[in-house]
Amino acid sequence: MAWLDVIHRNAAGGAAGRRNLAIPARPARAPRGLLCAGLLGALLGGCGSEPAPLETTGSSDVLSGQEALVAGDLSGLEHAWETVPSVVRSDGSEEFVLEVDPVDDVVSVELTGLEFRIEGPSDLTLRDDGVGADRVAGDGIFTVGPFRFDPTPSIPLPAHYESNPDSPAGLYAVELGNLVMTKATGETVEFFVRPQVGALAPSVPVAPRRVLSPKFRAASHLVEVRDGRGDSQRFLRGAGGDAAGMLSDMYEVVPDVFDFAVLSATSHIERPGSVSNGNSGVHSAVKIDYTGIGRDPVDYSQSYYSRRLKGVAALDNLRRGWLSSNFVHELLHQWGAFLPYDLGMTDGFHYLPTTSAASLLGGMEWIDNGNGTFTLDCDSNGRSGATTASPLDLYMMGLIPGSQVPPLRRHGGGLFDYCDTVIPSVQATVTIAQIQAQLGVRTPGPATAQRDFHIAFVVEAHGRDLTDSELTFFNTLAEFATRPVPAGQPNPRLDSNWVPITRYFGNGTTWRTDIPDIPANPGAVTANIQLNADWATGYCANVTVTNGRRFGIWGWEAVIDLGQSTVNSSWNANFSFDGSEMTATSTQSNGLLDTGGSTSFGFCANKTGTAWQPQVVSARQL
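Residues numbered from 1 in each chain as written. Predicted model: local features only at pLDDT ≥ 70, side-chain atom pairs only at ≥ 80, totals over all residues. Heavy atoms only, no water.

A separate point is helix 4 (residues 243–250). Because the α-helix completes a turn every 3.6 residues, residues three or four places apart line up on one side. Counting buried residues along helix 4, eight of its eight residues qualify, which places the element largely inside the surrounding structure. For helix 4, every residue scored as buried is listed here: Ala243, Ala244, Gly245, Met246, Leu247, Ser248, Asp249 and Met250. (Buried < 20%, exposed > 50% of the residue type's maximum accessible area, 1.4 Å probe, protein only. Helix = DSSP H or I, 4+ residues; strand = E, 2+ residues; numbered from the N terminus.)

And the structure:
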C-alpha cells in the first residue's frame, strides 16, 4: 500500500460502488482519544505501525488498528470482478457468470483467452443491456456467461488444491482468462489479478449450515456474511469499508472466543494505478498486550466489540489469497518483524530478504558450516515457504527465551546470488542482546505467553447467501488449516498451497478454527417506552435507550411504530418518518453510552384513531 493511501479518512464518507458493492454511509467507530492513522499518525508520532512496502512475492501490508477503522471512501476510483457463484462443481453440473463493475469511464469489457477446461458462450464480450446473463440493463455491471466446467476435459483438474498432495483433495481454482476494459477514449485497462473460479469435486459432501441471523450464517469452521459493502476487499486496498463494523455485528451472534479473524470475499476489487492491487493479504492488530517486540501496546477492542480478538487479517480472492504461506505471513505480523531500522535487518515490518531471519516475514536459511562461514539455503525456510517458524518469530511470540535465538545476519549480495554456496562475507550481525537492549525483553515470556489460539474464517458474499458449493469449499479450507498432522508424517511446508499449520509453531501451541454452536449472548441495545401524559386527543411519551452490550457504543437508533397517531413535537434525538414508523437516532451529545448506560428522548402526538398506542419496533447500535 502506498504511503499516501493511508492518510486518515472518514469511514462515513458516503456510498461507494454500485449495486452489490455499494457501501451505505455508517458512523465511524474510531475509539476516543486516538488521533493517529497512517501517514498522519507517522507525522504525529502516535501510531502503532505503518503499511509495509509492497513485496515482490505475495505482497502484504501492516495496518494499525486505527487505520483498519478509518480507511476512507474512494467512490468511483475502483473496479471489481466477481464470479457468481465463485465456486461450482467441477463435473459441469453447476453454472456461473462473470460480472465486472468497472471505473465509470469504461464503455466495454471483453474476456480473452478462456481457460480450456471451461465451457461457455462463443462471444466473450461482457454486456450491460439486460440480455442473457446480464441482470439489469444500464446498471454499470458488465456480464458474460453462463459458464461451467467441462465434465470431460482433455487434461483433468489436479486432484488437490494448488496441485499439492498435502492440500485438500477435490478443491481447485482456475483463472478464467484476461479482462480487457476499454475507456471512452479508446485506452484499454486490465486487472492486476485475473478473474478466478473455484472448482469443487462432486465427491466432496455439502457442509451443513446454520442460520445465525438474516446477515450471518455459519458452517462448522466458517462464518458467512451476507453484505453489500465489500469490507474485506476494501480493507485490502485501503479503499474504505468497515471491517470493524462487520465484526462487531458478527459478535452479536457469534461467541467472543476468537484470537484472530481472517476475512475474505467472493469478489475482487482493484484501484487503477495503486500498488495496493498487489496485496494478497493485509493484517491489522486489534490488541497488543505484550512488550519487547518493537510495538507499543494498543487496544482497539471496543471498536470490534470483542474482549479477546488480537488481530484481523484479510486474504484476497481464492488462489490469490488462500495460500498457507500468505495466511501465516499475515498471522505473524501480529508479533514481527518490527525491529528498529538502525539495526539494519528489517524495513520496519518485514525482515530483509538478505538476512538469516528464515521467516515467512522475510529472509532465508543460513547453514552454519562450523568454521565461521555460512551456506545460503534458498530452498529451506524463508519468505517463500517454511516448515517451521524461525527462532526469532518464536521469541517475538513469547514461546522461547532469547537464549535460543541465534544472531541475525545480513549479506551484501543480491537476493539469490549465493544460493547453495558459501556466503563470501557477512555485512552485519545483530544479537538478541542488541535487540533486547533497544526493545526490552519480550514480556510475557515462555512461562506465561499465550499458546492456545482460535481463528475465525469469515467469507463475505455481496447481497446474497453463499451457495452450497461455495460454503463447502471455504469451510473445507478453514477446517483443513488446523487439522492435526498424522504422527510420523513430516511437517508440511507452508508454501503456495493450503496445508495444516498445527506443527509450524510447535512449542506446545494449539490452533483451532471451529465455530462454536453456542449462544453468543453479548447483550443488546434496547428501548423502552413509557407514557408521561395521556388525554382524549393526544399523549406524550418518553423512550429510554439502554446499552446492554459488553462495551460502550458511539451511536444508537430506535424505531417506533406510532400506530394511529401523528407526532407534533419531539426532543433529544434526530427524527425521520416513514408511514407510521418514526426513527430516532442519537445526537452528538447523547450517542455515547457506556456499558449499562442509558439516555432518553421524547415526543408528543395527536391521536388519529383508536389504535394509537406507540410500540418499539427495534433498537440497535450505529
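What follows deals with the side chain of aspartate 393. In this structure, aspartate 393 sits in helix 7 (residues 391–396). Leaving out residues up to four positions away in the same chain, aspartate 393 has contacts with Leu332, Tyr351, Ser359, Leu360 and Leu361. (Contact = heavy atoms within 4.5 Å.)

Next up on the list: the sheet that holds strand 28 (residues 525–535). In space, the four strands of this open sheet follow the order 28-29-34-31, with antiparallel pairing throughout. In the strand order of this sheet, the two ends are held by strand 28 and strand 31 (565–571), each with one partner. Within the sheet, the average angular offset between the axes of one strand and its neighbour, ignoring direction, is 25°. Across 10 bridges, strand 28 lies against strand 29 (residues 538–547) in antiparallel orientation. When the sheet's bridge partners are listed, alanine 527 is paired in strand 29 with valine 545. (Pairing = 2+ DSSP bridges. Axes fitted to C-alpha atoms, helices over the stretch in contact; angles between N-to-C directions.)

Applying the stated criterion across every chain, the model contains 25 salt bridges. The salt bridge involving glutamate 78 is made with arginine 234; its shortest N-O contact spans 3.4 Å. Of the two residues, glutamate 78 sits in the loop between helix 2 (65–70) and strand 2 (79–84) while arginine 234 sits in helix 3 (residues 231–237), which places them 156 residues apart along the sequence. Glutamate 78 gets classed as buried once you look at its relative accessible area, which sits at 8%. (Salt bridge = Lys/Arg side-chain N within 4 Å of Asp/Glu carboxyl O.)

Within the structure shown, the criterion is met by two disulfides. Each sulfur in the disulfide pair cysteine 378 and cysteine 419 lies 2.0 Å from the other. Handedness of the cysteine 378-cysteine 419 disulfide follows from its S-S torsion of about -95°: it is left-handed. With cysteine 378 in strand 23 (residues 374–382) and cysteine 419 in the loop between strand 24 (408–411) and strand 25 (426–430), this residue pair connects regions lying 41 residues apart in the sequence. When the bonded cysteines of the protein are numbered from the N-terminus onward, they pair as 1-2, 3-4. (Disulfide = S-S within 2.5 Å.)

For cysteine 378, a relative accessible area of 13% translates into the label buried. Each C-alpha atom of the pair cysteine 378 and tyrosine 418 lies 8.6 Å from the other, and the pair is 40 residues apart in sequence. Every residue in contact with cysteine 378, bar those within four places of it in the chain, is listed here: Met364, Phe416 and Cys419.

Okay, the confidence of the model for the protein next. Averaged over all residues, the pLDDT of the protein is 85; the fraction at 70 or higher stands at 86%. In this model residues 1–60 is a low-confidence stretch, pLDDT under 50, and it forms 189 contacts with partners more than four residues away in sequence or in other chains. Contacts for the low-pLDDT stretch residues 65–76, under 50 throughout, to residues beyond four places or in other chains number 59 contacts. (pLDDT = per-residue confidence, 0-100.)

Another aspect to go through is the sheet that holds strand 5 (residues 106–112). If you trace the four strands from one edge of the open sheet to the other, you get 7-5-10-11, paired in antiparallel fashion. Single-partner strands in this sheet number two, and they are strand 7 (125–126) and strand 11 (188–190). The pairing of strand 10 (residues 178–183) with strand 11 spans three bridges and is antiparallel. Its bridge partner lying in strand 11, valine 180 is registered against glutamate 190.

Right, let's talk about the side chain of lysine 287 for a bit. Counting through the fold element by element, lysine 287 comes out in strand 19 (residues 287–288). Buried charge without a salt bridge: lysine 287, with aspartate 299 as the nearest opposite-charge side chain at an N-O distance of 4.6 Å. At 2.5 Å, the side chain of lysine 287 forms a polar contact with the backbone oxygen of arginine 307. With near-sequence residues (within four places) excluded, lysine 287 lies in contact with Val298, Asp299, Ser301, Arg307, Leu309, Lys310 and Gln334. (Lys, Arg positive; Asp, Glu negative; His and termini not counted. Polar contact = N/O pair within 3.5 Å; in protein donor to acceptor, adjacent residues only side chain to side chain.)

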